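In case you want the letters, here they are:
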Amino acid sequence: MSAKTEKKEKEENKKLIAIIIIVLGITILALGTTLLIVLLNEKDEAPYDPIKNNMVDGKLKYDEAAIVLDPDELEKEVNDLFQKTEEGYITLSHKNIAVSNDGENFECYIMNSIENKYDLYINIYKDNTAQEQLLLTGLIAPGKGIDHFKSEIKLDPGNYKALLVLTQVEDDHETLHGSQLFLALDLIVNGQ
């Protein structure tokens, strides 16, 4: 091979390498641009909204799982509820919010329903771990309740998801009846 031919081949190889590099660069740039466009146009999934997701033409739709009871079935259901109450199930009349201005004295409404057969006592815990007791009442007869309480622990301003526990006691005032009810209670402590 002559020096001239060898020089020409080297130049052609350099041109071929340059063309390959340019094509690869354009391909990488095109892929990057496409990926960027796809990512920017991707919409965030909206949080689940039960009201919005159950609307048709701006109106709430019927729940297809709902059961309509005829009057005889409804009467049977009510009688079953009264029987369960007779057997010691707990019914309650309450508001699920208690409010305090000082973190100790709370206004509330918690009643042992008149339909209940047994006395009960109330525990309120700071949260659902039931580690920090805020209140333990004495026995509360059916038809009676509390509209305020003083917390055993002073709470800082803020909102708390407390645990309300109701425990029924037999007529001897010593034996737990075995029925307990656990409910969430929102405690709101206003700033001082």
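Residues numbered from 1 in each chain as written. Predicted model: local features only at pLDDT ≥ 70, side-chain atom pairs only at ≥ 80, totals over all residues. Heavy atoms only, no water.

Moving on to the overall build of the chain. A tally of regular secondary structure across the chain gives three helices and 10 strands. Each helix and strand of the chain, ordered N terminal to C terminal, gives the series α-α-β-β-α-β-β-β-β-β-β-β-β. Going through the 192 residues of the chain one by one, you find that 22% of them count as buried. At a minimum sequence separation of 6, the contacts of the chain that also span at least 24 residues come to 62%. Looking at the chain as shown, the accessible area adds up to about 14,500 Å², and 57% of this sits on carbon and sulfur atoms. (Helix = DSSP H or I, 4+ residues; strand = E, 2+ residues; numbered from the N terminus. Buried < 20%, exposed > 50% of the residue type's maximum accessible area, 1.4 Å probe, protein only. Contact = heavy atoms within 4.5 Å. Areas by Shrake-Rupley, 256 points an atom, 1.4 Å probe, with all protein chains shown as cover.)

Quick look at the side chain of S151 now. By the secondary structure assignment, S151 is in the loop between β8 (145-150) and β9 (158-169). Of note is the side chain of S151, whose polar atom sits 2.5 Å from the backbone oxygen of I153. Those residues within four positions of S151 in sequence are excluded, and the remaining contacts are G103, E104, F106 and L134. (Polar contact = N/O pair within 3.5 Å; in protein donor to acceptor, adjacent residues only side chain to side chain.)

Our next topic: the environment of K126. One can find K126 in the loop between β6 (119-125) and β7 (133-136). Placed 60 residues apart in sequence, K126 and D186 show a C-alpha to C-alpha distance of 9.7 Å. For K126, the residues in contact, after removing those within four places along its chain, are E132, L134, L155, Y160, K161 and A162.

When pLDDT is averaged across the chain, the result is 75; 65% of the residues are at 70 or more. Mean pLDDT across the elements of the chain ranges from a minimum in helix α2 (residues 50-53), with 50, to a maximum in strand β4 (residues 97-100), with 93. Taken as a whole, residues 62-66 scores under 50 in pLDDT and shows zero contacts with residues more than four places along the chain or in a different chain. (pLDDT = per-residue confidence, 0-100.)

Quick look at the nonpolar core now. I110, I122, I124, F149 and L187 are the most contacted members of the largest nonpolar core, which totals 20 residues. Where this core is concerned, the elements lending two or more residues are β5 (105-112), β6, β7, β8, β9 and β10 (176-189). For this core, the leading source of residues is β9, giving four residues. Not counting residues up to four positions away in its chain, the partners in contact with L187 are A98, F106, L134, F149, L155, G158, N159, Y160 and A162. (Core = buried A, V, L, I, M, F, W, Y, C linked by side-chain atoms within 4.5 Å.)

A surface patch of nonpolar side chains, amounting to about 280 Å² of accessible area, comprises L16, I20 and L24. Taking the relative accessible area as the measure of exposure, I20 reaches 45% and is therefore partly exposed. (Patch = residues over 30% accessible without salt bridge, like charges linked within 9 Å, V, L, I, M, F, W, Y side chains within 5 Å. Salt bridge = Lys/Arg side-chain N within 4 Å of Asp/Glu carboxyl O.)

Taken together, E6, E9, E11 and E12 make up a surface patch of like negative charges. By the secondary structure assignment, E12 is in helix α1 (residues 3-41). (Lys, Arg positive; Asp, Glu negative; His and termini not counted. Charge placed at Lys NZ, Arg CZ, Asp CG, Glu CD.)

This part covers the pattern of salt bridges. All chains considered together, the criterion is met by two salt bridges. In this structure, K126 and E132 form a salt bridge, with 4.0 Å as the shortest nitrogen-oxygen distance. Given a relative accessible area of 22%, K126 falls into the partly exposed group. Overall, the relative accessible area of 35% leaves E132 in the partly exposed class. For D186, the salt bridge goes to K161, with nearest N and O atoms at 2.7 Å. With D186 in strand β10 and K161 in strand β9, this residue pair connects regions lying 25 residues apart in the sequence.

With that out of the way, let us pick up the pairing of β6. Counted residue by residue, β6 has seven buried out of seven residues, so it is predominantly covered. Bridge count between β6 and β9: seven bridges; the pairing is antiparallel. Within β9, the residue paired with I124 across the bridge is L164. As paired elements, β6 and β7 share three bridges and run antiparallel to each other. If you follow Y125 over to β7, its bridge partner there is Q133. (Pairing = 2+ DSSP bridges.)

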